[in-house]
Amino acid sequence: MTAASKIEKLTSLPIPTEFGIEGMSCASCVARVERAIKAVPGVDAASVNLATERATVTFKDTVDATAVLQAIEGAGYEARIDTLEMVVEGMTCASCVSRVERALKAVPGVVDAAVNLATEKATVRYAAGTASVRALESAIRTAGYEPRSEIQTHQSAAADRRDVEMRSLAVRLVLSAILTLPLFVIEMGSHFIPGVHELVMDTIGMRESLYLQFALATVVLFGPGLAFFRKGVPNLLRLAPDMNSLVVLGTTAAWAYSAVATFVPAALPPGTVNVYYEAAAVIVTLILLGRYLEARAKGKTSQAIRRLLGLQAKTAFVERAGKFEEVSIEEVVVGDVIRIRPGEKVPVDGTVVSGNSYVDEAMITGEPVPVAKSVGSDVVGGTINKMGSFTFRATKVGADTVLAQIVRMVEAAQGAKLPIQALVDRVTSWFVPAVILAALLTFGAWMILGPTPALSFALVNAVAVLIIACPCAMGLATPTSIMVGTGRAAELGILFRRGEALQSLREARIVALDKTGTLTKGEPELTDIRVAEGFRREEVLAWVASIEALSEHPIAEAIVKAAEAEGLALGGVEGFEASPGYGVKGSVAGRSLLVGADRALVRAGVSVEGFAPLAEELSSKGGSPIYVAVDGKLAAIVAVSDPVKETTPEAIRSLHALGLEVAMITGDNRRTAEAVAAQLGIDRVIAEVRPEGKVEAVKRLREGGKVAFVGDGINDAPALTQADVGLAVGTGTDVAIESADVVLMSGDLTGVVRAVGLSRATIRNIKQNLFWAFVYNAGLVPVAAGLLYPVNGTLLSPVFAAGAMAMSSVFVLCNALRLRRIQP
């Protein structure tokens, strides 16, 4: 066998595809995954490596990555999914978006692809190891667009690119307008102003006037308008027409017909020798004007992100060798001590080590009141020191800072596709071909049924249909509203981690609230302690505080603080055990203690009936009764109350005003929970819920409609995930925040009201945009086709069609920009 034949044989062999797999722990896992993958139709061979956690799969024919991923998940494991963000240049309308998405989804290994026209970005999710950047870029180029290799493009780079685009559009627009103006005056002026016609005849002459119009129109079309041909013609040749293709067809038809009328008039039927140079040139000029206005408006949609990035300080005063010196922000590392003076921006996240001040955190939390900072307080990069001076130790720098994470969250939300976008995608997939068909039918109908000169009427109306039906407004309707809405939300301290939550939150009918830390301050206070006969108050409190000192529960912390405030000494604890949802137990000073809810004591065989009347009284005041058993006997009842946040009552009233039902889920006993609910006007109470029971509680609530759950603790994470929309208050734990769809940086319930208001306003804005885009196309295409001509003689000039098409996109963008000023 020759070397060439060997190479040919090797290259003809199937190329294996690799999949990353998580969750495997032993050889049986490997066998299970291999069996599942081999069972997928089209798989020739599969080999799973436990050490590398990868599966190497060879397909018989085409690569079906989705089927393999489903098989891996069906076997009980998780396939690693990588996410890639790419810039796509050259997209102009919704059909471009559909085309790029189809091309990317066709790449082997790609699970999903979402393209955003407003941000000009494609977000691709693919099985780790299956798709390369080169393959994705090639797919985009094959579809007729230009990808940029930079991944996770920074907003500054995007802004620079948009500035270059705007300058280019401005130059082309000015040149096109200068060339079109004399053309318009010569042709249209001759029709409507007799003096102009006579002037042209006397100075230029009829034949020379036509030559001049031809020259001017040709320069406009193949000069400033050349970009339409560069994009539109290749897409026509590959039978995938877009908006540029419609412009090319319309303007070329008008220009070519006019050229024939100018140079070979005998080739046209008698009475049809007319020229439409001005129509072709004005169409190009008006569409360039629309593109320029679009580019300017698009720049404003990402203003919120640019403002957030502008909060980042450029330098910091860092302690170096015992003295403070100014260094670039990139040189700051974790552990550096940084000095902040009045009026300066905090450069990175950290903890105050000396001094005190008030810091304006409005751009992070949305709250206008400066926050007091002292030793031990956390400070966030991008906030502004109002008065006083302090030093702090850097704890997070660069991409790890809160500000950087906020920017990433907002960018991710802005690039998301809402369920409502599915309708647009379905329509635009066939819209442009349908427009071309409508134009051909219009041409044929006027040729057959139209008055003399039928050819002229047919041409003008077909061109009008092509131009007016460009689906630019449809493509911009949803993404621009999402960009502006999520950006405005970030300014108000509301971070939509998932863009889909914008629509889900608007559809929520029930808001379920965790009590501790959400409705309340999360800092319980000991309000009462009553002991049974034979026990001393101070002694029991000291025992209880000793055992609670080993617990992380907020109620335990309140009891310990109360004991310390009374100067009581805490003793050692033996045999400590904590039972979530029940309580704690252990031995203190030789006495066996059980501290917890009534169900904990009942389970241990200790009756709590002796304190039943007192427990009811304490519960009616909003306290949480905690029982204490010593050596198997009921010894005391402790009342702990968690004060309601000052903003909670008004927030509950606002949620009711929005037509939402409010429910409270808590582990407190029913009497305490109902007392708090009555005080706040909460509609439904689900009490005595253990941490693992919150998921079931959310499921029960979902029977009455979509549920938004608000929580802040580790034990809220499953419920946040289970709910249709999970909202985590920013003062909560990282686990809760990571599990949520929306993060409320302010830490109180007014953020929920704002989030719901913003969600409703954004979806309403999207519907307005879509209504305009669809009604515009549905309503004006028949008019452009000449449907009203038999009724009242109305025809739509291609020039007016071009103007209306350009303005429809500008209208959609301007409507979306109204969200920047919303005050939910």
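Here is what the cut-offs are and how they apply
- Within every chain, residues take consecutive numbers counted from 1 along the sequence as written.
- Thresholds applied to this predicted model are a pLDDT of at least 70 for local features of residues and 80 or more for the giving and counting of side-chain atom pairs; totals over whole chains, interfaces and linings are not thresholded and use all residues.
- In computing side-chain properties, one takes all heavy atoms of the structure into account and sets aside hydrogens as well as water.
- By convention a nonpolar core is built from buried Ala, Val, Leu, Ile, Met, Phe, Trp, Tyr and Cys residues, the set being connected through side-chain atoms within 4.5 Å.
- Partly exposed residues are those whose accessible area sits between 20% and 50% of the maximum for their type, while under 20% is buried and over 50% is exposed, using a 1.4 Å probe and protein chains only.
- Each helix is a run of DSSP H or I of at least 4 residues and each strand a run of E of at least 2, with the numbering of both proceeding from the N terminus.
- In this description, contact between two residues means that some pair of their heavy atoms is separated by no more than 4.5 Å.
- Where helices are involved, their axes are fitted lines through C-alpha atoms of the stretch in contact, as for all axes, and angles between N-to-C directions lie from 0 to 180°.
- What sets the label is the angle itself: under 35 degrees gives roughly parallel, over 145 gives roughly antiparallel, 65 to 115 gives roughly perpendicular, and the rest give oblique.
- Rotating anticlockwise by less than a right angle from the far helix to the near helix defines a left-handed crossing, while the corresponding clockwise rotation defines a right-handed one.
- Each residue gets one label: Ala, Val, Leu, Ile, Met, Phe, Trp, Tyr, Cys and Pro are nonpolar, Asp, Glu, Lys and Arg are charged, and the others, such as Gly, are polar.
- Being paired, for any two strands, means DSSP has found at least two bridges between them.
- Residues enter a patch when their relative accessible area is above 30% and they make no salt bridge; the linking distance is 9 Å between like charges and 5 Å between nonpolar side chains (Val, Leu, Ile, Met, Phe, Trp, Tyr).
- The protein chains shown are the only cover counted for residues, whose accessible areas, like all others here, come from Shrake-Rupley with a 1.4 Å probe.
- The working definition used for a salt bridge is a side-chain nitrogen of Lys or Arg within 4 Å of a carboxyl oxygen of Asp or Glu.

A.B. asks: Describe the nonpolar core, naming the residues involved and giving the relevant values.
C.D. replies: Formed by 140 residues in total, the largest nonpolar core has its most connected members in Met91, Leu104, Ile494 and Leu727. Per-element accounting of this core gives the leading share, 14 residues, to helix 29 (residues 750-785). For isoleucine 494, the contacting residues outside a window of four places in its chain are Ala489, Val742, Val743, Leu744, Gly751, Arg754, Ala755 and Leu758. Counting residues in each nonpolar core, the second largest holds 41 residues, with Val544, Ile547, Val595 and Val628 among its members.

A.B. asks: Outline the packing of helix 8 (residues 206-222) against helix 10 (residues 243-263), listing residues and values.
C.D. replies: As a packed pair, helix 8 and helix 10 sit with axes 10 Å apart at the nearest point and diverge in direction by 155°. The angle between helix 8 and helix 10 places the two elements in the roughly antiparallel class. Along this stretch, helix 8 crosses helix 10, giving a crossing that reads as left-handed. Contact residues: Arg207, Leu210, Tyr211, Phe214, Ala217, Thr218, Leu221 and Phe222 in helix 8; Thr251, Trp255, Ala259, Thr262 and Phe263 in helix 10. Of the residues that constitute the contact of helix 8 with helix 10, the class distribution is nine nonpolar, three polar and one charged.

A.B. asks: Can you break down the sheet that holds strand 27 (residues 684-686) residue by residue, with the values?
C.D. replies: In space, the seven strands of this open sheet follow the order 18-30-29-28-19-26-27, with mixed pairing throughout. Strands at the two margins of the open sheet, each flanked by one partner only, are strand 18 (494-496) and strand 27. Along the sheet, successive strands turn relative to each other by an average axial angle of 20°, direction set aside. Relative to strand 29 (residues 725-729), strand 28 (residues 707-711) runs parallel, the two being bridged by four bridges. Bridging from a neighbouring strand, valine 710 pairs with leucine 727 of strand 29. Against the sheet, helix 29 makes contact with strand 18, strand 19 (510-514), strand 28, strand 29 and strand 30 (742-744), and its axis sits at roughly 50° relative to strand 18, the strand it touches most.

A.B. asks: Requested: an account of a nonpolar patch on the surface, with residues and values cited.
C.D. replies: Nonpolar side chains collect at one region of the surface, where Tyr211, Val260, Phe263 and Val264 lie side by side and expose about 340 Å² of accessible area between them. Here valine 260 is to be found in helix 10.

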